[in-house]
Amino acid sequence: MDKYICDICGYVYDPAAGDPDGGIAPGTAFEEIPDDWVCPECGVGKSQFSKIED
């Protein structure tokens, strides 16, 4: 699964870790996160994230 980075603050969403504090279980792909989820660091929406290319 791909990692995504917040364009605003640099937070990296790692699907292996998920975002337990935000209600996202480990193993959840970025595409499967609800649209109302926000960056746990700065509060912007999913549209402000970019896929990290390997």
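Coordinates for the structure precede this section.
Below you will find a few notes about this structure.

## What about the pattern of salt bridges?
Counted according to the given criterion, the structure contains three salt bridges. Across the pair aspartate 14 and lysine 3 runs a salt bridge, and its minimum N-O distance is 3.9 Å. In this pair, aspartate 14 is assigned in the loop between β2 (12-13) and β3 (49-51) and lysine 3 in the segment before β1 (4-6), connecting sequence segments 11 residues apart. For aspartate 35, the salt bridge is made with lysine 46, and the minimal N-O distance between the two is 3.9 Å. You can see aspartate 35 sitting in the loop between β2 and β3 and its partner lysine 46 sitting in the loop between β2 and β3, a full 11 residues away along the chain. A residue is classified by how much of its surface remains accessible, and aspartate 35, at 70% relative accessible area, is exposed. Relative accessible area serves as the criterion here: at 14%, lysine 46 is assigned to the buried category.

About the cut-offs
The residue count restarts for each chain, going from 1 along the sequence in the order it is written. Note on the predicted model: pLDDT of at least 70 is required for a residue's local features to be given, and 80 or more for side-chain atom pairs to be given and counted; whole-chain, interface and lining totals, by contrast, use all residues. The basis for every side-chain value is the complete set of non-hydrogen atoms in the structure, without hydrogens or water. Salt bridges are defined by distance alone: a side-chain nitrogen of Lys or Arg within 4 Å of a carboxyl oxygen of Asp or Glu. Helix and strand labels come from DSSP, where a helix needs a run of H or I of at least four residues and a strand needs a run of E of at least two; each type is numbered from the N terminus. Burial classes: relative accessible area under 20% of the type maximum marks a residue as buried, over 50% as exposed, and values in between as partly exposed (1.4 Å probe, protein chains only).

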